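One-letter residues, chain by chain:
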Amino acid sequence: MRFRTAISNVGLLHKITRSLAALARSCVIRLSPEQVHFIVPGNESSTGVQVWSQVKVATLFDSYKIESNANNEIWLELHLDSLLKVLRSADSSVGSISESRSTAALTDSDVTLKLNKKGQQPIWAFEIRGYTAQRKAMSITHEIPVKILSPKRQAELNEPLCPQPDIHVVLPNLLELRNIVSRLSHVADDVKVSANHEGRLELTANSSRVNLTTTWKDLNVPTATSADEEQEPPPPDQMFTVSVAIKGFLKFLTSHLVGGTAIACICEDHCLIAYVYIGELNEAGGVLTFFIPAKITDD
Amino acid sequence: MANQDLPVLVAETNDVRPLARLLRGIGLRHNAVMEISEAGFAVTVEEVRTLCAIAWIPTNLFTSFTFNPLPEPATFELSLDALLQCLNIFGNAGSTVGASTSTSSSSKPKRRWAGEGEVAVDDENEDYVASSRKGKEKRTGMRMEWKGPGYDLSILLSDDSRGPTTTCELRTLEPEELMNAQFDQEDMALYIIMKSEWFRDALFDLPPSCTRITLLANPPKEAMPQHEPNATISSNGRHRHRAEVGQFKIIAEGDFGTTELDYPNDKEVMDKFDCVKRVKFSYNSSHFSLLHRALHQSVKICLQIEKSGFLCVQIMMPLSENVEVGGHSGILEFKMHALEEDD
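Procedures and definitions
Residues numbered from 1 in each chain as written. Chains lettered and ligands numbered in written order. Predicted model: local features only at pLDDT ≥ 70, side-chain atom pairs only at ≥ 80, totals over all residues. UniProt positions renumbered as here; feature names shortened; annotations may be inferred. Pairing = 2+ DSSP bridges. Helix = DSSP H or I, 4+ residues; strand = E, 2+ residues; numbered from the N terminus. Domains from an automatic or database assignment. Contact = placed C-beta atoms within 7 Å. Nonpolar A, V, L, I, M, F, W, Y, C, P; charged D, E, K, R; others polar. Buried ≥ 20, exposed ≤ 12 C-beta atoms within 10 Å, placed from the backbone. Axes fitted to C-alpha atoms, helices over the stretch in contact; angles between N-to-C directions.

Per an unreviewed UniProt entry, the recorded name for chain B is Cell cycle checkpoint protein, and the organism is Kwoniella dendrophila CBS 6074. What UniProt states about chain B under its Subcellular location (unreviewed entry) heading is, verbatim, "Nucleus".

Looking at an unreviewed UniProt entry, one finds chain A named Checkpoint protein, with Kwoniella dendrophila CBS 6074 as its source organism. Among the UniProt annotations of chain A, the heading Subcellular location (unreviewed entry) holds the following wording: "Nucleus". Recorded in UniProt for chain A, the comment headed Sequence similarities (unreviewed entry) runs: "Belongs to the HUS1 family."

Right, here's the structure in full:
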């Protein structure tokens, strides 16, 4: 089992890790020759939100080498906290964390990642190399313990099965959305997410004191790509609704950090699925998929 | 009724901030009673028998204000908390954070202000504030409508950009009986008008541990205070001057000593100072410190005390552009009774 790569986009990996860390303490990473999958199974997060994402290797890594006797795939599990600490350090060293370069920034720096073993404990070793302001060579190494997943455990991890979504809608700016949703969280515990084919999106929070509805209009509604079922299209003004916990919804909205386009799918009374695209929609470098379970309400 | 189909109230504005500012000033309880009249709104919050806070919201804060009077008074109770949360849904009506946390509210068991909400996602708000400051200022416009008794108060909010819109349906309740003791202008013992700033600084300096605050006013030309042998010449002179022109004093006793703040009746301090006889009354400091938040962004404060010690404080907000002479852009009024003098 061998794994070794240079991390070409430390900033992006940092952002992805931050969005995942908002949800859960640990996460499963499935490394395959073409793609990296970040997985947060439902039992890991308190709100039942799951993440099943895939990112193209080239989006994050460079000189990527992987070998194993299971289809050249490696599944491992790690603590997001420790990964976050390493990436914060690496990110500030590379200097991409903010526009004003921090004093800790190194020049001509690069970050490499290796799967090693320390005694019986498999570790991920990060090495940050670069030059200080005084042009001295500097190398920083971080090691975090990881757990290699057995094939049995791998087989237990299954992407949730969802019915055909009732509607897809392109979400407004996630930061803007998050700010509104976080204010709704003062009003109620659940939010009703509704959308129709006219591009109308409604978020409704009801409490004994006030009913609040925030409406967006003229959002893009991507037409279903799979035309396998010849169904009667629903009337354009029919609203499809799902109720989710605001807490869970907010956790997904932390992914505004990744900064891409997001599409929400509503499976009525089942779940809300949100796809957050990394990079541009058409040349997607990857996608983070969030499954937010529906809350079944009385009304 | 001829105009049965018309809503009782339609009010519109393109910036909810002045409205939110006034409401936040009286946000000391969850619920408030709102009364609508031709002059605007009067929103009242009462702590049983001890404190009454009213926000007078004039029609000039709105771009349009249509009121179709009912035979009965247009009054209802609603959740002030929820109203403030609605107004701030786009983040453009929040309190400007700064030195606004008063010493008393931070050290005493934290009292939650209406509209503040449980602090769950507070760090997230911060970066929003930062990001909204960067761009050009955003404003939230509002259309408020009330069809009449038994209906919800409905509010439509939108950013002026082509962003989302929010509708709020606020439950209205039968109003609670209000005490609203009237202040008797005839029976006035002290009447002071001064800049809010002076008063706000004083409230800021009050020791957090104090439980009662004493207001004391001496009329001009009272007998000279006793000569203190070890006082400096300048402080003696100061005392003499103050005794001559009259002065207003705030005294707060805390665990670690007493704070006294003196306001001489000088032109640059007092706009008005009417006091015939020496006045001295004490008030509950937790009630008194509620004024601090109300003073935020205000311009003038008018402090009146009845001979019985009943205190009425009126706080005036800065005038907006289109106010006619004699009008105002919102006044917050606080009324409270004096504490029994202890022996």
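Colleague: Run through the pairing of strand β10 (residues 188–195) of chain B, naming residues and quoting values.
Modeller: Where β10(B) meets strand β16 (residues 300–306) of chain B, seven bridges bridge the pair, whose relative direction is antiparallel. Paired with B:Tyr191 across the two strands is B:Gln304, which belongs to β16(B).

Colleague: Could you give me a rundown of the domain arrangement of chain B, with the residues and numbers involved?
Modeller: Residues and elements named next belong to chain B. Annotation of chain B at the domain level lists domain 1 (9–170) and domain 2 (185–336). Taken residue by residue, the interface counts 25 residues in domain 1 and 27 residues in domain 2. When residues of the side of domain 1 that touches domain 2 are traced back to their parent elements, those giving at least two are α1 (17–25), β4 (51–58) and α3 (103–107). Of all the elements, β4 adds the most residues to the side of domain 1 that touches domain 2, at eight residues. Taken together, the residues of the side of domain 1 that touches domain 2 sort by class into 14 nonpolar, nine polar and two charged.

Colleague: Account for the domain arrangement of chain A, naming residues and giving values.
Modeller: Residues and elements named next belong to chain A. Splitting chain A by domain gives domain 1 (2–156) and domain 2 (167–293). Here the C-alpha centre of domain 2 lies 29 Å away from the C-alpha centre of domain 1. Those elements that provide at least two residues to the side of domain 1 that touches domain 2 are α1 (10–21) and β4 (50–56). For the side of domain 1 that touches domain 2, the element with the most residues is β4, which contributes seven residues. Each residue belonging to the side of domain 1 that touches domain 2 can be placed in one class, and the counts come to eight nonpolar, seven polar and three charged.

Colleague: Before we move on, can you summarise the environment of A:His37 with the specific residues and values?
Modeller: Residues and elements named next belong to chain A. Examined against the element boundaries, histidine 37 turns out to sit in strand β3 (residues 35–40). With 19 C-beta atoms counted inside 10 Å, the residue histidine 37 sits in the partly exposed group. A sequence separation of 18 residues divides histidine 37 from valine 55, and the C-alpha atoms of the two residues are 6.3 Å apart. Filtering out sequence-adjacent residues up to four positions away, histidine 37 remains in contact with Ile29, Arg30, Ser53 and Gln54.

Colleague: Go over the sheet that holds strand β5 (residues 61–67) of chain A, please, and point to the residues and values.
Modeller: All names here are of chain A. Pairing within the open sheet is antiparallel, and its five strands lie in the order β5-β1-β7-β8-β9. Each end of this open sheet is capped by a strand with a single partner; those strands are β5 and β9 (137–145). This sheet shows a mean twist of 15° between the axes of neighbouring strands, independent of strand direction. By the bridge criterion, 10 bridges tie strand β7 (residues 107–118) to strand β8 (residues 121–131) in an arrangement that is antiparallel. Bridged to asparagine 116 within β8 is isoleucine 123.

Colleague: Tell me what's going on with unusual backbone geometry, and back it up with residues and numbers.
Modeller: All names here are of chain A. Positive phi is not limited to glycine here, since serine 63 has a value of about 40°. Residue placement: serine 63 occurs in strand β5. Even without being glycine, aspartate 269 reaches a positive phi, approximately 55°. Positionally, aspartate 269 belongs in the loop between β16 (262–267) and β17 (271–278). Take aspartate 269: there are 15 C-beta atoms within 10 Å of it, and that puts it in the partly exposed class.

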